[in-house]
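Structural overview for review
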Amino acid sequence: MATCIGMVAKVGVFAAAVLKPVARQCPGHRVNVFVPHRLSHGVRSRLYEHVREGYSDKPELDMRAVCEETDKVIANVESRKGDLRGDDVRKIVCVWQELQAVKTEISELEEEKRRISDIVRGLVTKEDKKALANLPEYNQALQKGREIRNRLNHLYHKETELDEEHYGRALRLPNTTHPAVPVGDESQARMVELVGQKPEFDFKPKGHVELGEELGLIRQRHLAHVSGHRSYYLRGAGARLQAALQNFALDTLQRRGFIPMVVPDMLKGAVFEGCGMQPNAQSSQVYSLDPARFPDLNLAGTGEVGVAGYFMDHAVNWKDLPVRTVCSSTCYRAETDTGRETWGLYRVHHFNKVEMFGVTADETGEESSQLLQEFVSLQKEMFSALELHYRVLDMPTEELGPPAHRKYDIEAWMPGRNSYGEVSSASNCTDYQSRRLNILYEREDGSLQYAHTVNATACAIPRTVIAILETHQTKEGTIRVPRALQPYLSLEVIEKPKYTPLKYIGPNQRYPPARPAPKIR
């Protein structure tokens, strides 16, 4: 367990020799209290700035567990992907303990200050004003009061610096991990269930891009100058397929009691950070708007952020728990790892997604685990209705991300890629997000308790489109529409459209077409 010794002066003695800076002793470090600029840790917290500006209360992090079970926390941190390591955890403990030592000294000094003020008031009431100047007891009290005020001024400044450093570091800690989660990278994922059969073809199956282009559903070519890399158009039955999938997922979930919601696409960095994401990290997948024009506005990569922001700083009545919410939104992801899946709809910069989000109680400790299982069952129901072959995976520690206590992925078989591809995930975030975003529930007796949050993908449109096109393709090049989608599409088969495809007439062609002749008026 990490050690950190706070050298706190006793309040009973206020001689100048005793009023020394509080110091802390960490492995390889010795830092005095009165540091002029104390942001050397280099971690900026949007959530802390949000709190400091008065928008929210401070996040209530469980530092007792971090301090008392430091070795366990270090093992958890080091089993996950990220740059946080054991020394970072020890530093977090060290800063926290020093902050508590400073708070304790401030509390004791403030109490002593009140006691001295009472003494001074009593002397002023009893003694003549002229006699007070020569009264040793009065002068000693004034001197002691000045010493306390000077010390407190230093400590208040120190408390602010330590508080900011504490949150800048501690907010980066990941959630706890369920004991059954496999340890390691994605190769250690444990298959929970295999559903359906791989489709069999008496022809070589095509990929979704080839199918989509032939049927006039998808366009990705000649878009670099229009919308940039990893963008796409859906047209005709492709656009209708997106709408059908969204409505199918929304209808399915609303029948199960989910409340529909429309959420903002642009949100403050504090909401992202409260959800366990770092919009300002170097390798962030989050698009940030021009800070000169729109300070601290970011495009959401998932509807989860928008829904979490809705519940931020609010309490749910216990009678309404669990609250099940569904939203359909456009998601934006930078996809900075440009070497992966550079073509097709699998990894794109923008897409539509239907998201499930749940807020539940924490009375037995099992409520959020049960809701996670419910969400996974709904995902399975929808993918089975789309007649897809898929597998459910219990994801290992390196794939959890900071907020998840446990996460399940569903991967659908994509014949054109000849592999499984992730189409959804479901995460139990326990109280990780609620402690950061102040999401609570109100018990019957009026007391407040931190809620648990659960999120899950209902339908990520592009990847589901991939699985449907590649699974249900026919030898004739058409697409058989799954029975569950037929009422939404009013089609049983997607065929080639009757209109003629657009002809590219732009530059960089071997034989460019002649330009129109000048118009003669």
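The chain has the name Serine--tRNA ligase, mitochondrial in an unreviewed UniProt entry, where Oreochromis niloticus is given as its organism. Looking at the chain in UniProt, the text filed under Pathway (unreviewed entry) is "Aminoacyl-tRNA biosynthesis; selenocysteinyl-tRNA(Sec) biosynthesis; L-seryl-tRNA(Sec) from L-serine and tRNA(Sec): step 1/1." As stated in UniProt under Subunit (unreviewed entry), the record for the chain gives "Homodimer. The tRNA molecule probably binds across the dimer."

The subject of this paragraph is the overall build of the chain. If you tally the helices and strands in the chain, you get 14 helices and 20 strands. Considering the chain as a whole, with its 521 residues, one finds that 47% of them fall into the buried category. Long-range contacts, defined here as pairs at least 24 residues apart, represent 74% of the contacts in the chain between residues at least 6 apart. Accessible area for the chain stands at about 26,900 Å²; split by element, carbon and sulfur atoms hold 50% of it.

When you line up the elements, His 389 lands in the loop between helix H11 (367-385) and strand E13 (390-394). With a relative accessible area of 5%, His 389 lands in the buried category. Engagement of the side chain of His 389 in a polar contact is seen with the backbone oxygen of Val 195, the distance being 2.8 Å. For His 389, the residues in contact, after removing those within four places along its chain, are Leu 194, Val 195, Gly 196, Gln 197, Lys 198, Glu 411, Ala 412, Trp 413 and Tyr 420.

According to UniProt, the "site: Important for serine binding" (unreviewed entry) feature falls on Thr 457. Along the chain, the position of Thr 457 falls in strand E18 (residues 452-460). Judged by relative accessible area, which is 8%, Thr 457 ranks as buried. When sequence neighbours within four positions are dropped, the list of residues in contact with Thr 457 reads Lys 353, Val 354, Glu 355, Met 356, Gln 379, Val 423, Ser 424 and Ser 425.

Pairing is antiparallel in the open sheet, where three strands are placed in the order E7-E9-E8. The sheet terminates laterally at strand E7 (266-268) and strand E8 (287-288), the two strands that pair on one side only. Note: E7 against strand E9 (residues 297-299), three bridges, orientation antiparallel. Residue Met 266 lies in a different strand from E9, and its bridge partner there is Leu 299.

With 55 residues, the main nonpolar core has Leu 245, Leu 253, Met 356, Leu 386, Leu 469 and Leu 485 as its most contacted residues. The contact partners of Leu 485, leaving out residues within four places of it in the chain, are Leu 241, Ala 244, Leu 245, Phe 248, Leu 386 and Ile 468. Formed by 42 residues, the second largest nonpolar core is a distinct cluster that contains Met 63, Leu 171, Val 307 and Ala 308.

Further remarks concern the side chain of Glu 165. Tracing the sequence through the fold places Glu 165 in helix H6 (residues 136-170). Of the residues examined, Glu 165 reaches a relative accessible area of 3% and is grouped as buried. Of note is the side chain of Glu 165, whose polar atom sits 3.0 Å from the side chain of Arg 169.

The subject of this paragraph is the pattern of salt bridges. In total, this model carries 28 salt bridges according to the counting rule given. What emerges from the salt-bridge pattern is a single network uniting Arg 46, Glu 49 and Asp 296.

This part covers the packing of aromatic side chains. In total, this model carries eight aromatic pairs according to the counting rule given. When the centroid spacing of 5.6 Å and the interplanar angle of 40° are considered together, the rings of Phe 258 and Phe 375 count as tilted. One end of the pair, Phe 258, is in the loop between helix H8 (237-254) and strand E6 (259-261); the other, Phe 375, is in helix H11, with 117 residues separating them in the sequence. Geometrically, the ring pair formed by Phe 311 and Phe 357 is stacked, given 6.2 Å between the ring centres and 15° between the ring planes. Separated by 46 residues along the polypeptide, Phe 311 in helix H10 (residues 303-311) and Phe 357 in strand E12 (residues 350-360) bring together distant segments of the chain. In this arrangement the basic side chain of Lys 198 is found over the ring face of Trp 413, its NZ or CZ atom lying 4.0 Å from the centre. Over the ring of Tyr 346 we find Arg 463, and its NZ or CZ is 3.7 Å from the ring centre.

Right, let's talk about the sheet that holds strand E3 (residues 190-195) for a bit. The eight strands lie next to each other as E3-E13-E14-E15-E18-E12-E11-E6, forming an open sheet whose pairing is mixed. Edge positions in the open sheet fall to E3 and E6, since each of these has one partner strand only. On average, each strand axis in the sheet is inclined to that of its neighbour by 25°, with strand direction left out of account. Looking at chain direction, E12 and E18 are connected through eight bridges and run antiparallel. Bridge assignment links Lys 353 to a residue of E18, and that residue is Ala 460. Relative to the sheet, H10 contacts E6, strand E11 (323-332), E12 and E18, its axis offset from that of E12 by approximately 40°. Those strands touched by helix H13 (residues 461-471) are E12, strand E14 (406-414), strand E15 (419-428) and E18, and its axis lies near 35° from that of E14.

Rules behind the numbers
Residues numbered from 1 in each chain as written. Predicted model: local features only at pLDDT ≥ 70, side-chain atom pairs only at ≥ 80, totals over all residues. Heavy atoms only, no water. UniProt positions renumbered as here; feature names shortened; annotations may be inferred. Helix = DSSP H or I, 4+ residues; strand = E, 2+ residues; numbered from the N terminus. Buried < 20%, exposed > 50% of the residue type's maximum accessible area, 1.4 Å probe, protein only. Contact = heavy atoms within 4.5 Å. Areas by Shrake-Rupley, 256 points an atom, 1.4 Å probe, with all protein chains shown as cover. Polar contact = N/O pair within 3.5 Å; in protein donor to acceptor, adjacent residues only side chain to side chain. Pairing = 2+ DSSP bridges. Core = buried A, V, L, I, M, F, W, Y, C linked by side-chain atoms within 4.5 Å. Salt bridge = Lys/Arg side-chain N within 4 Å of Asp/Glu carboxyl O. Phe/Tyr/Trp six-rings, centres within 6.5 Å; stacked < 30°, edge-to-face > 60°. Lys NZ or Arg CZ within 6 Å of the ring centre and 35° of its normal. Axes fitted to C-alpha atoms, helices over the stretch in contact; angles between N-to-C directions.

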